[in-house]
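# A look at the structure
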Amino acid sequence: MDEKYVHFNGYLLPKETHSAESLKYAAEFQVHDDDVFAVTYPKSGTTWMQEILPPILNGGDLTPVRTIPNWDRVPWLEETRAALVLGDRPSPRAMVSHLPYHLMPPSFYTSKAKVIYVTRNPKDIAVSSFHFHKMASFLDDPGTFDEFLDKFLSGQVLFGKWTDHVKSWRNTDIEDRILYVTYEEMVQDLKGALLKMARFLGRELSPEVLEKVASHCQFSNMKTNAMSNYSLVPQDIMDSSKSPFLRKGTTGDWRSHFSPEQDARFSAVIKKEMEGAVFEFPWDDE
């Protein structure tokens, strides 16, 4: 595993996209007050947010999402591309990150930068991550689905435990700077979610522009956008014949993968680790 991963503060990060230098860059990054971060646990809608943020921030112009690969359009703060594309980027700068709250750069905490934190049902995340491991050569083989669930629940996956990540970002110190959105509400009412994000970011989009952006950012459109669907990545790195990077973009797909025993085991672990949490998710009663 050491051949494929960088070990960073107890977390596994793929060497394909992370390095000691990129993590140092992230730690020393000077956050601006008007920076915008979309923060997610992996496989929670990051690519979707890379599609959404540019037109929200620029008044509905879809040119960036049609002409710039998503990893340069809205780069990951902690990945190697960040240092190459963020240096001279005009404000407002949009970035994504998988970092837990306590590993954000020191300048973040004293800034006024805003965060949209996207959460997704962890069962669907586990399914999506399992398929991603099968198609990405820079990640370890996931084994059987049952074996992968054990890794997921024990935190032996990228960026550790889902429960730790979501709890770390429920931080009352900066709650006025965080908008919480779920993947599920984006699937159910994308236009409504976009309107909520735009208002949070201080952007007023006309009904016509909102409709245009919502139409473009539908998962089916994003899946055919070469700037977003990772078809530009060589097949020896991401083999779409094993599984497309953008698979279904639906909710509840876990039901076609989990056995009743796996469902019970998974739910019990998540429930125990979320004991005492003062927030709820729309899937908690499933």
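The chain goes by Sulfotransferase in an unreviewed UniProt entry, where it is assigned to Anguilla anguilla. In UniProt, the chain has this text filed under Sequence similarities (unreviewed entry): "Belongs to the sulfotransferase 1 family." The record in UniProt for the chain states the following under Subcellular location (unreviewed entry): "Cytoplasm".

## Structural notes on helix 7 (residues 122-135)
An α-helical segment advances 3.6 residues per turn. Residues three or four places apart therefore align on the same side. Taking 1.5 Å as the rise per residue, helix 7 with 14 residues should run 20 Å; its terminal C-alpha atoms sit 20 Å apart, in good agreement. Its side-chain oxygen placed 2.9 Å from the backbone nitrogen of Lys 123, Asn 121 serves as the N-cap of helix 7.

## Points about the packing of helix 11 (residues 190-200) against helix 12 (residues 207-216)
Running from N to C, helix 11 and helix 12 cross one another at 120 degrees; their axes reach a closest spacing of 9 Å. By the criterion of interaxial angle, the relationship of helix 11 to helix 12 is oblique. Classified by chirality, the crossing of helix 12 by helix 11 is right-handed. Residues Leu 190, Lys 191, Leu 194 and Leu 195 of helix 11 lie in contact with helix 12, whose contacting residues are Leu 210, Glu 211, Val 213 and Ala 214. By residue class, the composition of the contact of helix 11 with helix 12 is 6 nonpolar, no polar and 2 charged.

## Some remarks on helix 2 (residues 46-57)
Across its 12 residues, helix 2 extends 17 Å between first and last C-alpha, which sits within 8% of the 16 Å expected from 1.5 Å per residue. When you tally the buried positions in helix 2, you get 12 out of 12 residues, the bulk of the element. Every buried residue of helix 2 is listed here: Thr 46, Thr 47, Trp 48, Met 49, Gln 50, Glu 51, Ile 52, Leu 53, Pro 54, Pro 55, Ile 56 and Leu 57. Immediately beyond the C-terminal end of helix 2, within one or two residues, lies Gly 59, with a positive phi of roughly 85 degrees.

Conventions and cut-offs
Residues numbered from 1 in each chain as written. Predicted model: local features only at pLDDT ≥ 70, side-chain atom pairs only at ≥ 80, totals over all residues. Heavy atoms only, no water. UniProt positions renumbered as here; feature names shortened; annotations may be inferred. Helix = DSSP H or I, 4+ residues; strand = E, 2+ residues; numbered from the N terminus. Expected span 1.5 Å × (residues − 1). Polar contact = N/O pair within 3.5 Å; in protein donor to acceptor, adjacent residues only side chain to side chain. Axes fitted to C-alpha atoms, helices over the stretch in contact; angles between N-to-C directions. Parallel < 35°, antiparallel > 145°, perpendicular 65-115°, else oblique. Left-handed = near helix turned anticlockwise from the far one by under 90°. Contact = heavy atoms within 4.5 Å. Nonpolar A, V, L, I, M, F, W, Y, C, P; charged D, E, K, R; others polar. Buried < 20%, exposed > 50% of the residue type's maximum accessible area, 1.4 Å probe, protein only.

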